[in-house]
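Below, each chain spelled out in residue letters.
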Amino acid sequence: MNTMASEQSHFGWSNPVLRGDRADPSVCRVGDEFYLACSSMDRWPGIPLYHSRDLVNWRPIGFAYKEVPDEGLAPMLYAPTLRYHRGRFYLVCTDVASKGNFLMSAEDPRGPWSQRRWLDAEMFDPSLCFAEGKVFYTRRGSFEQKDIVQAELDLDAAKLGSLRSVAVGFVSDDAEGPHLYRIGQWWYLLLAEGGSRALHCCTIGRSQSPWGPFEPHPANPFVAQHHAWWHEVLGAGHGDMVEAPDGSWWLLYLATRHPAYDCLSPLGRETFLAPIRWEDGWPWVDPEHVRHLVVRAPGLPQAPVEAPGPVEDFDADELTPPWVRAGYPRQGKVSLSERPGFLRLWGGPLQEGKVAGAQVMVARHQSDFVFEARATTEFEPEEGDLGGLRIYQTDAYRYDLVVARRGGRKVALLSAHVGGLSSSSLPVVITAKRFELVVRGDLDSYNFSVVCDGSEVFVATAPTRLLGSEVAQTWTGTLIGVWAAGSGGPCRAPLDVDRFEYRGLDRPSFSSPETAPGQRSASNGA
């Protein structure tokens, strides 16, 4: 772990404050501490959790959902809401691969969390509001009505009252991600609208009753980046508001980064921060704070955090953030104890076209466009054993740097899978027992190589944009990690990883208020 601090918080900060596939942020405050949950989709463990004291620097503290998925299905976890009430944390979320919307709770957000308690099966994006001695449960309504529905929730029994329609979209017929708040004399209903890509936005309304009708904000959508395609930020929406101890208000929301005009978003949707000002009982967000990555505004007092460093030596007893898997693997084995100080992967039988839940893969999110990742590896594959380094968006969109045995020789080659198309590079011979698998990424390409005995050999290059979430038609961001699988049966040899290094190379560095705002997120890639 590295102790990392941001600089000169009163000058501003750089978005995103959580980098790399951190979508649908939900935030709550306990005293002077903030806690945040994000969507995890099919990544497991699910629902990553973070802690902060300044809303810019976040430290990963674990996952809310670590269970083996129900009925053999990989989880698909959408849009959690995290709230705190009378000494306990409450979380609601949707598992679209299982029984729908569920409730969990914990005294400490680091865990343990309770078992899931199912609330209802329809739709998604549930939220909780504790106010006036009641608990309000709000979520997206049916596809036919496209409305927002709400009911009172009995927490002890995990039972809902009658659901009632309370609103429709304020600017569209596609509203989701509702959050209800009691602020002063008003009830506020915050919505995400416009779909989850370029037209995404935040809208809000207010009412004298939690059941509506809700008067729309005079300038809805009050958060959007519909100004121009050439801004660095697109798809801003799905947010959650929180009040700081000093009485200031803040919005955490999702958006995608686009450093170049034609740049797609392989990183997925990330968590951004904007200050809120109140006028005439309405929240307002400066459009300039949404259009650009640099936010020039006063921040909360700087609060350094401990964040995972760039190097993982696999010396711990268990994998901790940022390490995840795609789906829950039913084949093969992952061990940190069989060979202490190494991550050992025993690959299960290869199932063509099936990676998530079928192959053994341990990975972290790509959190930078420009980066370098290295896996120091020992692998003596027999014929049919496969393993190596992987850039993964979905089963159908991935780049595999494969180590295998071909004609009695150990070789490395790039196997690219894009939609229904697959191709492989020429093999490069690996002569050493211990070697490094390397990938360097930038806006245009991923470049793969192998290092043996201090000598680096280029393997192949592949375009970055083909793993963009827009191309893969997914809501996730890319993973970078190691994997193993057996062709025709389980691997007969393990893949051992001694060291994994990931370094983001395009992160802002602020040296003075004249060059840029001074607060940067230290834990962004965690």
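Bear in mind the structure is a predicted one, so any value in this text is a computation, not a measurement. (Residues numbered from 1 in each chain as written. Predicted model: local features only at pLDDT ≥ 70, side-chain atom pairs only at ≥ 80, totals over all residues. Heavy atoms only, no water.)

Remarks on the pattern of salt bridges
Then, in step 1: Taken as a whole, this structure holds 38 salt bridges when the rule is applied.
Then, in step 2: Asp95 is the partner of Arg116 in a salt bridge, and the nearest nitrogen-oxygen pair spans 2.8 Å. Taken as a pair, Arg116 in the loop between β10 (100–106) and β11 (117–120) and Asp95 in strand β9 (residues 88–95) lie far apart in primary sequence, 21 residues in all. Side by side, Arg116 and Asp95 carry an identical accessibility label, which is buried.
Then, in step 3: Here Glu380 and Lys410 are joined by a salt bridge, their closest N and O atoms 2.9 Å apart. (Salt bridge = Lys/Arg side-chain N within 4 Å of Asp/Glu carboxyl O. Helix = DSSP H or I, 4+ residues; strand = E, 2+ residues; numbered from the N terminus. Buried < 20%, exposed > 50% of the residue type's maximum accessible area, 1.4 Å probe, protein only.)

Side note on the sheet that holds strand β7 (residues 59–65)
In a beta sheet, neighbouring strands pair by backbone hydrogen bonds and run either parallel or antiparallel.
Then, in step 1: Here four strands make up an open sheet; going across it, the order is β3-β4-β6-β7 and the pairing antiparallel. With partners counted over all chains shown, the strands left at the sheet margins are β3 (26–30) and β7, one partner each. In this sheet, neighbouring strand axes are inclined to one another by 25° on average, regardless of whether the strands run parallel or antiparallel.
Then, in step 2: Of the pairings in the sheet, the one linking β3 to strand β4 (residues 33–37) comprises five bridges and is antiparallel in character. Considered in β4, the bridge of Ser26 is made with Ala37. (Pairing = 2+ DSSP bridges. Axes fitted to C-alpha atoms, helices over the stretch in contact; angles between N-to-C directions.)

Some remarks on the sheet that holds strand β23 (residues 249–257)
Then, in step 1: Pairing within the open sheet is antiparallel, and its four strands lie in the order β22-β23-β24-β25. Both outer strands of the open sheet, β22 (233–243) and β25 (282–284), are each paired with one neighbouring strand and no more. Neighbour-to-neighbour, the strand axes of the sheet open up by a mean angle of 35°, direction not taken into account.
Then, in step 2: Here β22 pairs with β23 via eight bridges, running antiparallel. Counterpart to Glu243 in the pairing with β23 is Trp249.

Quick notes on the side chain of Arg374
Then, in step 1: Note that Arg374 resides in strand β34 (residues 371–379).
Then, in step 2: Polar contacts involving the side chain of Arg374 include one to the side chain of Glu372, which spans 3.0 Å.
Then, in step 3: When near neighbours in sequence (up to four residues on either side) are disregarded, Arg374 contacts Glu436, Leu437, Val438, Arg440, Val451, Glu456, Arg499, Phe500 and Glu501. (Polar contact = N/O pair within 3.5 Å; in protein donor to acceptor, adjacent residues only side chain to side chain. Contact = heavy atoms within 4.5 Å.)

Some details on empty space enclosed by the protein
Then, in step 1: This model, assessed by the stated rule, comprises two cavities of 30 Å³ or more.
Then, in step 2: Estimates place the volume of the largest cavity at around 120 Å³.
Then, in step 3: Surrounding the largest cavity, 17 residues form its lining, Pro48, Tyr50, Phe63, Val324 and His365 being those nearest its centre.
Then, in step 4: The set of elements that each furnish at least two residues to the lining of the largest cavity consists of β6 (46–52) and β7.
Then, in step 5: For the lining of the largest cavity, a count of residues per class yields 10 nonpolar, four polar and three charged.
Then, in step 6: Lining the second largest cavity are Asp24, Pro25, Ala79, Pro80, Thr81, Asp125, Pro126, Ser127, Gly177, Pro178, His179 and His238. (1 Å grid on protein atoms, 1.4 Å probe; cavity = no way out; pocket = protein on both sides within 12 Å on 5 of 7 lines; lining within 4 Å. Points joined across faces, edges and corners; volume = space filled by probe spheres on them. Nonpolar A, V, L, I, M, F, W, Y, C, P; charged D, E, K, R; others polar.)

Quick notes on the nonpolar core
Then, in step 1: Within the largest apolar cluster, 44 residues are counted, with the highest numbers of intra-cluster contacts made by Tyr399, Phe448 and Phe500.
Then, in step 2: With 23 residues, the next largest nonpolar core counts Tyr181, Ile204, Trp282 and Leu293 among its residues. (Core = buried A, V, L, I, M, F, W, Y, C linked by side-chain atoms within 4.5 Å.)

Re the confidence of the model for the protein
Then, in step 1: Confidence along the protein averages 91 in pLDDT terms, with 92% of residues attaining 70 or more.
Then, in step 2: The model gives residues 1–9 a pLDDT under 50, and that stretch makes 40 contacts with residues more than four places away or in other chains.
Then, in step 3: Residue range residues 510–525 is modelled with pLDDT below 50. Its contacts to residues more than four positions away, or to other chains, number 66 contacts. (pLDDT = per-residue confidence, 0-100.)

Some remarks on the packing of aromatic side chains
Then, in step 1: According to the stated counting rule, one finds 18 aromatic pairs in the structure shown.
Then, in step 2: Measuring from ring centre to ring centre gives 5.4 Å for Tyr90 and Phe130, while their planes differ by 40°; the resulting arrangement is tilted. Of the two residues, Tyr90 is situated in strand β9 and Phe130 in strand β12 (residues 127–131); the sequence distance between them amounts to 40 residues.
Then, in step 3: Considering the side-chain rings of Phe136 and Trp211, the 5.8 Å spacing of their centres and the 70° angle between planes classify their relative orientation as edge-to-face. With a gap of 75 residues between them, Phe136 in strand β13 (residues 134–140) and Trp211 in the loop between β19 (201–207) and β20 (215–216) connect regions that are remote in the sequence.
Then, in step 4: A network of ring pairs unites the aromatic residues Tyr188, Trp249, Trp278 and Trp282 as a single cluster.
Then, in step 5: The positively charged end of Arg364 is found above the aromatic ring belonging to Tyr502, 3.9 Å away from the centroid.
Then, in step 6: A cation over an aromatic ring shows up here: Arg390 above the ring of Trp483, its NZ or CZ 4.3 Å from the ring centre. (Phe/Tyr/Trp six-rings, centres within 6.5 Å; stacked < 30°, edge-to-face > 60°. Lys NZ or Arg CZ within 6 Å of the ring centre and 35° of its normal.)

Overview of unusual backbone geometry
Then, in step 1: In this chain, Trp44 is followed by Pro45 through a cis amide linkage whose omega measures 0°.
Then, in step 2: Residue position: Pro45 is located in the loop between β5 (43–44) and β6.
Then, in step 3: Although it is not a glycine, Arg86 sits at a positive phi angle of roughly 50°.
Then, in step 4: A residue is classified by how much of its surface remains accessible, and Arg86, at 77% relative accessible area, is exposed.
Then, in step 5: Positive phi, normally seen in glycine, also occurs at Phe314, with a value near 55°.

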